[in-house]
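# Survey of secondary and tertiary structure
Read off the chains here:
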Amino acid sequence: QKEVEQDPGPLSVPEGAIVSLNCTYSNSAFQYFMWYRQYSRKGPELLMYTYSSGNKEDGRFTAQVDKSSKYISLFIRDSQPSDSATYLCAMRRPGQNNAGNMLTFGGGTRLMVKP
Amino acid sequence: GAGVSQSPSNKVTEKGKDVELRCDPISGHTALYWYRQSLGQGLEFLIYFQGNSAPDKSGLPSDRFSAERTGGSVSTLTIQRTQQEDSAVYLCASTPTSGSDTQYFGPGTRLTVL
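Residues numbered from 1 in each chain as written. Chains lettered and ligands numbered in written order. Predicted model: local features only at pLDDT ≥ 70, side-chain atom pairs only at ≥ 80, totals over all residues. Heavy atoms only, no water.

## Some words on the overall build of chain B
Defined as follows: Going along the chain from the N terminus, every DSSP run of H or I of four or more residues is numbered as a helix, and every run of E of two or more is numbered as a strand. Between the two quantities, the radius of gyration covers C-alpha atoms and the globule rule is 2.2 Å times the number of residues to the power 0.38. Should any heavy atoms of two residues lie within 4.5 Å, those residues are considered in contact. All accessibility values rest on the Shrake-Rupley procedure with a 1.4 Å probe; residue burial counts only the protein chains present in the view. Only four residue types enter the charge count, namely Lys and Arg as positive and Asp and Glu as negative; His and the chain termini do not. Each charge is placed at NZ for Lys, CZ for Arg, CG for Asp and CD for Glu.
Within chain B one finds zero helices and ten strands. Computed over C-alpha atoms, the radius of gyration of chain B comes to 13 Å, within 12% of the 13 Å expected from 2.2 N^0.38 for 114 residues, which places it in the range of a compact globule. Along the first, second and third principal axes, the C-alpha atoms of chain B reach 40 × 25 × 25 Å. Sequence-distant contacts, at least 24 apart, represent 55% of the contacts inside chain B between residues at least 6 apart. Total accessible area on chain B stands at roughly 5,300 Å², and carbon and sulfur atoms take up 45% of it. Averaged over its 10 positive side-chain charges, chain B has a centre that lies 4 Å from the centre of its 11 negative ones.

Structure, rendered in structure tokens:
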């Protein structure tokens with residue numbers, strides 16, 4: 001079983017829809033959570049970062065963490081065709097010094113927002 | 001400023017050949033990571049460099065894989081005697097320090113082993 005599970009999709013939604021992307025994890029030692037966005041043929045870029053349970057909002061994006069359920073979500077409001085990309089969740093344990101801040105990634109969910 | 005660059009962007013090789021992939025991190029970034037991304041899979045950690053410390057090679061899948069980082073800047077990932085299962089996108093990332101969670105990724109090298 002993978003440490004981090006993520007539905008690969010693809011997830012297809014109409015423009016303007018609210019999108020919900022999710023990851024589950026098995027290791028309760030994970031304390032820091034990130035969402036990366038990866039456009040086709042590009043490297044991932046950091047979108048959201050959080051380290052506590054609850055919600056964090058940034059514009060149209062909201063990251064939600066539920067450590068008790070080992071479940072994280074990314075919500076996108078008023079989705080746009082430019083949001084079409086693969087979204088990867090990532091997480092790490094605190095004090096992980098043997099490999100810097102080595103991140104454990106989910107497999108990514110491919111999102112398509114149709115005009 | 002310039003981001004992380006990688007070359008070549010695409011590499012097609014024959015099974016059994018050796019390949020070298022190059023990464024130029026952001027200037028001044030001390031930490032550098034290599035990942036492998038197979039089709040539909042997440043990023044698999046390969047190796048980590050931090051300053052002049054010995055690299056963490058714990059993610060390298062076999063002894064056919066090796067990496068160097070010269071002068072604390074440019075890094076080269078070498079795959080010897082390539083196999084078809086080595087086909088993947090190889091991504092490089094750098095961070096300003098070892099304590100940063102914001103990894104800046106390059107566009108990757110797409111390796112195809114025939």
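## What about the interface of chain A and chain B?
As a reminder of what qualifies: Summed over both partners, the accessible surface that disappears when two parts come together, traced with a 1.4 Å probe, is what is meant by buried area. Within this document, salt bridges are pairs made up of a side-chain nitrogen of Lys or Arg and a carboxyl oxygen of Asp or Glu, the two lying within 4 Å of each other. Two N or O atoms count as a polar contact when they lie within 3.5 Å, although within protein this holds only if one can serve as hydrogen donor and the other as acceptor, and sequence-adjacent residues are included solely when both atoms are side-chain atoms.
Each side of the interface is counted separately: chain A has 22 residues, and chain B has 22 residues. Across the interface of chain A and chain B, roughly 1,700 Å² is buried in total on both sides, 48% from carbon and sulfur atoms. There are zero salt bridges connecting chain A and chain B. Viewed at the interface, chain B and chain A are joined by two residue pairs in polar contact (both at pLDDT 80 or more).

## Here's the deal with the pattern of salt bridges
Residue and element names in this part refer to chain B. Rule in force here: Relative accessible area decides the class of each residue, using a 1.4 Å probe on protein chains only: under 20% of the type maximum gives buried, over 50% gives exposed, and in between gives partly exposed.
Tallied over the full model, the rule gives six salt bridges over all chains. Close ionic contact of Arg22 with Asp24 constitutes a salt bridge, the shortest N to O distance being 2.8 Å. For Asp86, the salt bridge is made with Arg64, and the minimal N-O distance between the two is 2.8 Å. Note that Asp86 is positioned in the loop between β7 (75–79) and β8 (88–95) and Arg64 in the loop between β5 (43–50) and β6 (65–69), a separation of 22 residues in sequence. No difference in accessibility class separates Asp86 from Arg64, as the two residues are buried.

## Some words on the side chain of Arg37 of chain A
Residue and element names in this part refer to chain A. By secondary structure assignment, the location of Arg37 is in strand β4 (residues 32–38). A polar contact is formed between the side chain of Arg37 and the side chain of Tyr39, at a distance of 3.5 Å. Apart from residues no more than four positions distant in its own chain, Arg37 is found in contact with Gly43, Pro44, Glu45, Leu47, Phe61, Ala85, Thr86 and Tyr87.

## So, the sheet that holds strand β8 (residues 71–76) of chain A
Residue and element names in this part refer to chain A. As a reminder of what qualifies: Only when DSSP finds a minimum of two bridges between them are two strands counted as paired.
A sheet is described by the order of its strands in space; here five strands give the open sequence β1-β3-β8-β7-β6, paired in antiparallel fashion. At either margin of the open sheet sits one strand with a lone partner, and together these are β1 (4–5) and β6 (54–58). Inspection of the sheet shows β6 paired to strand β7 (residues 61–66) by five bridges, in the antiparallel sense. Paired with Asp58 across the two strands is Phe61, which belongs to β7.

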